[in-house]
Amino acid sequence: MHKLRLAHETENMIITAEMKLKASLMRTESRCSHYRLDYPEIDNKNWEAWINIHQDDQGKMVFEKQPFASWPKFS
């Protein structure tokens, strides 16, 4: 059981790392500890937003930008 738990934890760490990497690549600016050499400036006009991640019907990650002042729409 211990090895099964470790396998699940490792899988979750890999999925979490993939989400963070893809969200970082989506954000075309630098902000706080997120710094990109190709986008060194803060872009408040386009990126005062959260990045929401969910899974679609095929199991793929879907990334959506949500402005800070709005709430997500739930279906």
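Here, every reference points to the structure presented above.
Residues numbered from 1 in each chain as written. Predicted model: local features only at pLDDT ≥ 70, side-chain atom pairs only at ≥ 80, totals over all residues. Heavy atoms only, no water.

With that settled, the discussion passes to the overall build of the protein chain. A tally of helices and strands in the protein chain yields two helices and two strands. Ordered by position from the N terminus, the helices and strands of the protein chain form the series α-α-β-β. The C-alpha radius of gyration of the protein chain comes to 16 Å, more than 25% above the 11 Å expected for a compact globule of 75 residues. In terms of overall dimensions, the protein chain has a C-alpha envelope of 50 × 35 × 20 Å along the principal axes. (Helix = DSSP H or I, 4+ residues; strand = E, 2+ residues; numbered from the N terminus. Rg over C-alpha atoms; globule rule 2.2 N^0.38 Å.)

Right, let's get into the environment of Pro-40. For Pro-40, the position within the fold is in the loop between helix H1 (2–26) and helix H2 (44–47). Judged by relative accessible area, which is 39%, Pro-40 ranks as partly exposed. Remark: the alpha-carbon pair of Pro-40 and Thr-28, spanning 12 residues in sequence, is separated by 9.0 Å. Discounting residues that sit within four places of it in the chain, Pro-40 has contacts with Ser-30 and Tyr-35. (Buried < 20%, exposed > 50% of the residue type's maximum accessible area, 1.4 Å probe, protein only. Contact = heavy atoms within 4.5 Å.)

What follows covers the pairing of strand S1 (residues 49–55). Looking at chain direction, S1 and strand S2 (residues 61–67) are connected through seven bridges and run antiparallel. Considered in S2, the bridge of Ile-51 is made with Lys-65. Adjacent in sequence and paired antiparallel, S1 and S2 are bridged by five residues, among which Gly-59 carries a positive phi angle near 85°. (Pairing = 2+ DSSP bridges.)

Turning next to the pattern of salt bridges. If you walk through the whole model with that rule in mind, you get five salt bridges. Residue Arg-31 is joined to Glu-29 by a salt bridge in which the shortest nitrogen-to-oxygen separation is 2.6 Å. Comparing Arg-31 with Glu-29 shows no difference in burial state: the two are buried. Look at the salt bridges and you will find they share partners, linking Arg-27, Glu-29 and Arg-31 into a network. (Salt bridge = Lys/Arg side-chain N within 4 Å of Asp/Glu carboxyl O.)

Right, let's get into the side chain of Arg-31. Structurally, Arg-31 can be placed in the loop between H1 and H2. Of the polar contacts made by the side chain of Arg-31, one reaches the backbone oxygen of Trp-47; its length is 3.5 Å. Among residues more than four places away in sequence, those in contact with Arg-31 are Ile-42, Asp-43, Asn-44, Trp-47 and Glu-48. (Polar contact = N/O pair within 3.5 Å; in protein donor to acceptor, adjacent residues only side chain to side chain.)

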